[in-house]
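What follows is the residue order along each chain.
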Amino acid sequence: MAQDASAETMTTLPSAVAKTSLSHRLFECRNLSLELAVPLTPEDMTVQPMEDASPTKWHLAHVTWFFETFVLSKHLMGYRVFDETFNYCFNSYYEALGPRQPRPRRGVLTRPSAERVVAYRAHVDEGLRKLLASGFAPESDVWRLIEIGINHEQQHQELLLTDILSLFASNPLRPSYARPAPADAGIAADPVSWIAYEGGIRAVGHEGDGFSWDNESPRHSVLIHPFGLADRLVTNAEWQEFIRDGGYRTASLWLADGWALVNREQWQGPLYWEERDDGLMQMTLHGLQPVEPAAPVCNVSYYEADAFARWAGKRLPTEFEWEIAAAGLPITGNTLGSRALRPLPAEPTGIRRPRQMFGDVWEWTASSYLPYPGYRPPPGAVGEYNGKFMVSQHVLRGASCATPDGHSRATYRNFFYPHQRWQFVGLRLASEAV
C-alpha cells in the first residue's frame, strides 16, 4: 500500500464502550497479521524479491516496532524495550529516529529469526493489554496513536500479500499461497455503462467523525467540470484487445517516460501475465491461473493505464471526480474479508451507479499526489509519513482484494510512483460530459 501516514480525526464514544471497541479492533488486527503469515514457511518470510517489496518477517516486526516506539515506550510506565537493535532493523524511514536498515536490503536480515519476531509481537501485545487496562481518554494522544497503529498495520497486511505474490511470481515453481475457489470461466463482462455527473464547485476531503489520514484533509472546494464515469473497471478481455491492437508498440499512446520504460523493460502486458503452451496465464496468490477475461485487469502501472485510456478514446478520472462519484455509496466490495484474494468480475446490480468502487483493485487517477490547500504535516516523527512523499507520485482511490475490510473510504488517498505495478492496481475510464 502507499506510504504510512498519521491521523487527526476519530470518533468520540463513551470511555468504557470506546475502550472495549478499541481493544477489540486492535487485537483483531494484530491476530489477522499472524493469520496471513500461517501459509508461509520461515524461508518464505525472509526473502525480498525486489526493492519495493519487503519480507513478511519485516512487515510483522515493523508494525510491532511502531506500537513499541510510538505507544508503549512513551505511554506505558516501566515498559521494557524488547531488543534495542530492532530500532535499526525495523524502522522504515523515520529520519528523526535514527539510522535504519536500507530498504533494498531488508531481505538480508536472516536474523532475528521469524520465531523471535513472533516473540517480539507477543511481548508488545502484552504491553498493549497493560496500557489498555490503564486509564486514558478517547481524545488523548495515546488513543490517537493506537488508532494510527491499527490503520498502519492494516496497510502492511495488504503489502504483506502483494509482496508474497511478488516473491512467489519470482519462484520458478510458481507456488500457491492459498487454495483457489473455482472460477466461473464462462462469465462475460457486461457492456460498460456511462454515468453522467454535473459540474460545479464541490467540497472534497474528509470531514466529520471517524478515522482519517492527515493527507485527506483539510476539506476544501474544487471546481468540477461535467464528466462521465464508467460504471465498472476495465477488464482483462479489454486489455487483451489493447495488446492485439499494438498498444505496447504504438509510441503515440504513451507518455514519454512510459514509452522509454516500455522499451527498456520490454513490457508486453500486465505484470504477472505469461504466455504458456496452454494459453495466457497470470500469476496469482493461488498460483499460476488462466487469465479470467471478465475480471478487472490488475498489476498495471500508471503509464499503462494512461496509454490504455488514450487508446480507448477516454481518460483517467481525477481523484476528485472519483471521490464525488463514490460519495454516499456503500463501502463494500471484494476486499480481504471475502478471501477471494483476486479481482472478481463485476456483478450486475440493476442499479445505475458505479460498481467495484471499493474492492478488487486500487484505481489509478490522473491526479498527482499533492497536499490539499492549507495542509500541514503533524508535528514530530509520526508526521514524516505523508507530507514528504507529496511529489512525483499519483493518487489511487478505492480499495483492492487485499485491503482489510473497513480500511478504506471515499476520501482515502493511496499513492504510488507511476512506474510501479506490483500492487493490486487497475483502472476505470472517465470522459468529458456524457
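Details of the structure are given in the entry above.
The structure presented is a predicted model; accordingly, all values stated were derived computationally and were not measured.

Draft legend 1. Molecular detail of helix α8 (residues 302-311). Most of α8 is tucked away, with eight of its ten residues classed as buried. Here α8 has its buried residues at Tyr302, Tyr303, Glu304, Ala305, Asp306, Ala307, Phe308 and Ala309. Buried residues along α8 sit against α6 (236-244), α7 (256-265), β10 (362-368) and β11 (394-398). Gly313 occupies a position one or two residues after α8 and carries a positive phi of about 75 degrees.

Draft legend 2. Here's a closer look at the pairing of strand β7 (residues 273-276). Both β7 and strand β8 (residues 279-284) contribute to a ladder of four bridges, which runs antiparallel. When the sheet's bridge partners are listed, Glu274 is paired in β8 with Met281. Here β7 folds back onto β8 in antiparallel fashion, the turn holding two residues.

Draft legend 3. Spotlight on the pattern of salt bridges. According to the stated counting rule, one finds 26 salt bridges in the structure shown. A salt bridge links Arg116 to Asp83; the nearest nitrogen and oxygen atoms lie 3.1 Å apart. Here Asp83 lies in the loop between α2 (56-75) and α3 (86-90) and Arg116 lies in helix α4 (residues 114-133), a separation of 33 residues in the sequence. Its relative accessible area of 18% is what places Asp83 among the buried residues. Each of Asp190, Asp231, Arg232, Glu238 and Arg355 takes part in a single network of salt bridges with overlapping partners.

Reading guide: rules and limits
- Residues numbered from 1 in each chain as written.
- Predicted model: local features only at pLDDT ≥ 70, side-chain atom pairs only at ≥ 80, totals over all residues.
- Heavy atoms only, no water.
- Buried < 20%, exposed > 50% of the residue type's maximum accessible area, 1.4 Å probe, protein only.
- Helix = DSSP H or I, 4+ residues; strand = E, 2+ residues; numbered from the N terminus.
- Contact = heavy atoms within 4.5 Å.
- Pairing = 2+ DSSP bridges.
- Salt bridge = Lys/Arg side-chain N within 4 Å of Asp/Glu carboxyl O.

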